[in-house]
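# Coordinate inspection notes
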Amino acid sequence: MRREMTTSSAEATRGVGRALGETVSAGAVVVLTGDLGAGKTVLAKGVAEGLGVAEEVTSPTFNILLVHEGRVELAHFDLYRLEREAELEDIDFWGVLESGAACLVEWGDRFPDALPPDALTVSISITGDESRRIDVKASGPRSEALAQAWIEASAGLPGVAVVPGERSP
Ligand SMILES: Nc1ncnc2c1ncn2[C@@H]1O[C@H](COP(=O)(O)OP(=O)(O)O)[C@@H](O)[C@H]1O
Ligand SMILES: [Mg+2]
């Protein structure tokens, strides 16, 4: 399933992230992609807020993985600096994915074979100074249910528009 949303400000993207954090459950895997400056960190901060994470959330670029306590534990990966898929073992990638934490994987698209079959992929594209397109792709029943609930929760937020209907693949 593919759906699409647009946001007209950073605050709107953060709101969409907050809705995702409020909707996500233990063990969910969300892959986050988009060019530099697209808004991945803005969205991730919203997810953390929605999960009730108290501490400041930044991109774990230099750490690869940062874990935060929240309503559900948030495991925030940034795979940008990894060179080979084998390095995922060094950070216990699959162990963390199965630990019950809600997993947010920035640049997860770099290692598509390493991802679980049922994951939600969120791709942010820059469409203007303040506007972004957020493509949502679910690849299994679990991520599909998450996508439905998330889009429903985002639809009424200020600065957010949900493009009606499903996108073609
Ligand atoms: N609609 C929008 N959604 C997200 N960010 C936006 C939007 N409009 C402008 N911005 C700006 O774009 C930048 C996104 O930065 P950031 O989240 O760090 O990107 P990334 O982590 O993808 O490299 C921020 O400076 C933010 O204020
Ligand atoms: Mg970032």
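Please refer to the structure placed before this passage.
In this report, we go over the structure that sits alongside the text. (Residues numbered from 1 in each chain as written. Chains lettered and ligands numbered in written order. Predicted model: local features only at pLDDT ≥ 70, side-chain atom pairs only at ≥ 80, totals over all residues.)

The environment of ligand 1 is formed by 17 residues, the closest being A10, T13, G39, K40 and T41. Breaking the shell around ligand 1 down by element, the ones donating at least two residues are α1 (10-23) and α2 (40-50). A breakdown of the residues in the shell around ligand 1 according to their chemical character gives five nonpolar, nine polar and three charged. (Near = placed C-beta within 6 Å. Helix = DSSP H or I, 4+ residues; strand = E, 2+ residues; numbered from the N terminus. Nonpolar A, V, L, I, M, F, W, Y, C, P; charged D, E, K, R; others polar.)

Turning next to the sheet that holds strand β8 (residues 160-163). Across the sheet, eight strands lie side by side as β3-β4-β5-β2-β6-β7-β1-β8; this open sheet has mixed pairing. Only two strands of the sheet have a single partner each, and these edge strands are β3 (65-68) and β8. Pairwise comparison of adjacent strand axes, ignoring direction, gives a mean angle of 20° for this sheet. Taken together, the four bridges between strand β1 (residues 2-7) and β8 define a ladder with antiparallel strand orientation. Bridging across to β8, T6 finds its partner in A161. Of the strands in this sheet, β2 (29-34), β3, β4 (74-78), β5 (102-106) and β6 (120-126) touch α2, which is tilted by about 155° from β2. (Pairing = 2+ DSSP bridges. Axes fitted to C-alpha atoms, helices over the stretch in contact; angles between N-to-C directions. Contact = placed C-beta atoms within 7 Å.)

Bringing the packing of α1 against α2 into the picture now. Running from N to C, α1 and α2 cross one another at 40°; their axes reach a closest spacing of 6 Å. Relative to α2, the element α1 lies oblique. Read as a crossing pair, α1 and α2 show a hand that is right-handed. On α2, the residues that touch A10, T13, R14, G15, V16, G17, R18, A19, L20, G21 and E22 of α1 are V42, L43, A44, K45, G46, V47, A48, E49 and G50. Residue composition of the contact of α1 with α2, by class: nine nonpolar, six polar and five charged. (Parallel < 35°, antiparallel > 145°, perpendicular 65-115°, else oblique. Left-handed = near helix turned anticlockwise from the far one by under 90°.)

Across the five residues of β4, five count as buried, placing the element largely inside the fold. The alternating pattern of β4 places L74, H76 and D78 and A75 and F77 on opposite faces, both of which are buried. Strand direction decides the pairing type here: β3 and β4, joined by four bridges, are antiparallel. By the bridge assignment for β4, V67 is matched with A75. Counting the residues that bridge the hairpin from β3 to β4 gives five residues. Pairing analysis gives five bridges linking β4 to β5, with the strands arranged parallel. What sits directly across from F77, in β5, is V105. (Buried ≥ 20, exposed ≤ 12 C-beta atoms within 10 Å, placed from the backbone.)

A positive phi angle, near 55°, is found at D92, a position not held by glycine. Following the sequence through the fold, D92 ends up in the loop between α3 (87-90) and α4 (93-97). Judged by local crowding, D92 falls into the exposed class, with 12 C-beta atoms found within 10 Å. Although it is not a glycine, W107 sits at a positive phi angle of roughly 60°. Among the structural elements, W107 can be located in the loop between β5 and β6.

Shape descriptors only; they carry no functional weight alone.
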